Structures are given as structure tokens and as C-alpha cells.
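Chains, contacts and geometry: an overview
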Amino acid sequence: MTVNWTAENIPDLTGKVAIVTGANAGIGYEMARALAHKDAIVILACRSSEKGNAAVQQIYQEYPQAKAEYLHLDLSDLASVRCFADQYVINYNRLDILINNAGIMATPFGKTADCFELQFGTNHLGHFALTGLLLGLIDCTSGARVVTISSGGHRFGVIDFDNLNGELGYDPQGAYAQSKLANLLFAYELQRRFESAGVNAIAVAAHPGWTTTNLSAHWRMVRILDWFIGQAPEMGALPALYAATAADVRGGDYYGPGGWLELQGYPTKVQSSDRSRDAALAVKLWTVSEELTGVRYHWSIGNRN
């Protein structure tokens, strides 16, 4: 692994197509920007058309040769997720990189358009549905990668199947940790299913460490600590960019910052909690996620080792 790896180490991505969710700001924008600078076709999948289009224009101002496009995606609304997937499949015939990045953190209790608890519904179920709806193109794109963004907070997460909607009691931080644990369980189970089906694609995960972004808007303690230990979004994006592009990445890997407590630093391979590697728990979550979203993963015969 390259010491002090940066976005400059990303290989040429000409001809490759990438989707980054939540790409209008923060680490998502930095991911989209870095991929575009390496000549990938980048789709910025964002909820706000104003912010999404502004981010695209900013990329073009920095790099006029870029190939970047905004497409509307609201992960808290499964109808929007389906519409995005339909549009993408019409316009593109491959998907080399899918970065499931968008998320919310420690929000007050709320529900998605489909009546799921807001953090679980947005951070996990929305990305579960999106990946499943794009599976046909992933399956047919040799060497495709699905990168799902988790958090060090996953270590505090527990999947409460009896209270996934938070209606029996709601703790904002606990719900966030649960959603980030769900992200890892999904990533690892997706890799196992890729392997079982013989799909020439990999599923990996990453976390940004302690990165200063607007994600902490609802968590006062985090906003205060941002001033002291938060790193810039350009650094926070690096673990995901490494997972999405580096040659030595393997399915089921997990990347984060290499500094103290994985809070800051250049990307390196890191370890996740034992609970996140619980295959039985992952299968149960997968089954529940299919039932809740109505999205079932069907494997084609297009992309085999």
C-alpha cells in the first residue's frame, strides 16, 4: 500500500463510469471531484438540484475536460431511488464504481417517505435499494466496485429488529450507530453474494475518520470537537477513493485513516467490529431489507470470472 496515498495516486479512469451519492458537499463532493479529475464519467447523485448542479459547475470550473452530471436522488424516498435507477439504466450501459456515501447523522426523530426511521431508512435502506436496482449493470461491468461508507461509530451499533422504526424509543446517536453497522453488514454480505454467484465485482467499505462537514449539524458535541480534531473533507474522502480505485483492494476490505484511533490521516486497511462480521446477522438484515424495500437481488449471467 502506498505510504501517504492521495488522490493524485488514482489511476487514469478514462471510460469508467462512477456514481457518488451525496456528492454536492463534504467528502462526497471531494470523491466526485477526484474521480472527475482522473477522467471518469461521474454522476453526482444528490437530493438538491440546486446544490447538485452547483457542484457539477464547480468541477467544470476547476477541470473543463471533466465529464460530470447531476441526477436527482433522494435516498429517503424509494420512489426517487427507483426513478434514479431507471434514468441511469437508460443513459448508461455500465457502472464501474458505486460509492454509497450519502447519509445523515443523529437527526431528531423522523420518518422517510416510506415510513422508515429516517437514519436507518436513508443511510441503509436507501443504499440497499439503490445497489439492488443497479445490480444488472454492476453484474455486467467487469471489475465493478461497490464502496459503502460506514463510520467508526458502527462499533456502538446494535441492530434492533424489534424497533427498526424507532417507535418504541429513539436515541439519535444510537440510531446513527445502528445505520452505520447496517452499512458494514450490507457491504460484507454483498461481497459474500458476489463470490457465491461468481460475479466479477467487489464490495468494500470505508470510513472518513473525524472529518469536518455539515453532517454534524444535529450533534453539538461533534461540532465543537470538529475545531480540534476534524480533518478536511479532502482527507476524509481518501479511504473511499482508495477503496474505489487502488489496485490492491480486495472484496470485503475496510479502509479508514491511518492515524491515531483512525480519526485522521492517510488511508489504510482497518478492522471493523466483530458484530459487523457476523454473517448470520448480515443474512437476517438482508432478508429484512429486501422485505422492507421490495428490492430483491437477482443475478444475471453477464459478468462471470
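Report follows, based on the coordinates. (Residues numbered from 1 in each chain as written. Predicted model: local features only at pLDDT ≥ 70, side-chain atom pairs only at ≥ 80, totals over all residues. Heavy atoms only, no water.)

1. A word on the overall build of the protein chain
- In terms of helices and strands, the protein chain carries 10 helices and 8 strands.
- At 18 Å, the protein chain has a C-alpha radius of gyration in line with the 19 Å of a compact globule built from 305 residues.
- If one aligns the C-alpha atoms of the protein chain with their principal axes, the spans along those axes are about 50 × 50 × 40 Å.
- Every one of the 305 residues in the protein chain was classed for burial, and the buried ones make up 55%.
- Relative to all contacts within the protein chain whose residues are 6 or more apart in sequence, the contacts with residues 24 or more apart total 74%.
- For the protein chain, the accessible surface area stands at approximately 12,900 Å², while carbon and sulfur atoms represent 52% of it.
- Taking the 23 positively charged and 29 negatively charged side chains of the protein chain as two groups, their mean positions are separated by 3 Å. (Helix = DSSP H or I, 4+ residues; strand = E, 2+ residues; numbered from the N terminus. Rg over C-alpha atoms; globule rule 2.2 N^0.38 Å. Buried < 20%, exposed > 50% of the residue type's maximum accessible area, 1.4 Å probe, protein only. Contact = heavy atoms within 4.5 Å. Areas by Shrake-Rupley, 256 points an atom, 1.4 Å probe, with all protein chains shown as cover. Lys, Arg positive; Asp, Glu negative; His and termini not counted. Charge placed at Lys NZ, Arg CZ, Asp CG, Glu CD.)

2. Brief notes about the environment of E195
- Residue position: E195 is located in helix 6 (residues 172-197).
- You can call E195 exposed: its relative accessible area is 54%.

3. Some details on the side chain of Q231
- For Q231, the position within the fold is in the loop between helix 7 (220-229) and helix 8 (233-236).
- Within the local environment of Q231, its side chain forms a polar contact with the backbone oxygen of P208, the two atoms lying 3.0 Å apart. (Polar contact = N/O pair within 3.5 Å; in protein donor to acceptor, adjacent residues only side chain to side chain.)

4. Looking at the pattern of salt bridges
- Within the structure shown, the criterion is met by 8 salt bridges.
- When the shortest N-O distance is used, the salt bridge between E30 and R33 registers 3.4 Å. Remark: R33 and E30 occur in helix 1 (residues 26-37); sequence separation between them is 3 residues, near one turn of the helix.
- Counted as one network, the salt bridges with shared partners bring together K16, R94 and D96. (Salt bridge = Lys/Arg side-chain N within 4 Å of Asp/Glu carboxyl O.)

5. Things to note about the nonpolar core
- If you look at the biggest cluster of nonpolar residues, it comprises 46 residues, and the most contacted ones within it are I19, F84, Y88, L134, I138 and F194.
- Here this core gets 6 residues from one element, more than from any other, and that element is helix 6.
- Those residues in contact with Y88 that lie beyond four places of it in its chain are V17, I19, I43, R94, L95, L134 and L137.
- Ranked by size, the runner-up nonpolar core spans 41 residues in total, among them I10, A18, A23 and A206. (Core = buried A, V, L, I, M, F, W, Y, C linked by side-chain atoms within 4.5 Å.)

6. Some points on unusual backbone geometry
- A positive phi is found at D39, a non-glycine position, where the angle reads about 75 degrees.
- Its place among the elements puts D39 in the loop between helix 1 and strand 2 (41-46).
- Of note, C115 is a non-glycine position whose phi angle comes to about 70 degrees, a positive value.
- Mapping C115 onto the fold places it in the loop between strand 4 (97-100) and helix 4 (118-133).
- Classification of C115 by relative accessible area gives partly exposed; the value is 46%.

7. Describing the sheet that holds strand 7 (residues 254-257)
- Reading across from one edge, 3-2-1-4-5-6-7-8 is the order of the 8 strands in this open sheet, with mixed pairing throughout. Looking at the sheet topology across the chains shown, the edges are occupied by strand 3 (67-72) and strand 8 (267-269). When strand polarity is set aside, the average angle formed by the axes of neighbouring strands in this sheet is 20 degrees.
- Contacts between helix 2 (residues 49-62) and the sheet are confined to strand 2 and strand 3, with strand 3 contributing the most and set at about 180 degrees to the helix.
- The strands touched by helix 3 (residues 78-91) within the sheet are strand 1 (17-21), strand 2 and strand 3, with strand 3 carrying the most contacts at an inclination of about 145 degrees. (Pairing = 2+ DSSP bridges. Axes fitted to C-alpha atoms, helices over the stretch in contact; angles between N-to-C directions.)

8. Considering the pairing of strand 4
- Of the two faces of strand 4, the one holding I97 and I99 and the one holding L98 and N100 are both buried throughout.
- Examined bridge by bridge, strand 1 and strand 4 share 3 bridges and lie parallel to one another. Paired with I19 across the bridge in strand 4 is L98.
- Where strand 4 meets strand 5 (residues 144-149), 4 bridges bridge the pair, whose relative direction is parallel. Each bridged residue has a counterpart across the sheet, and for N100 the counterpart in strand 5 is T148.

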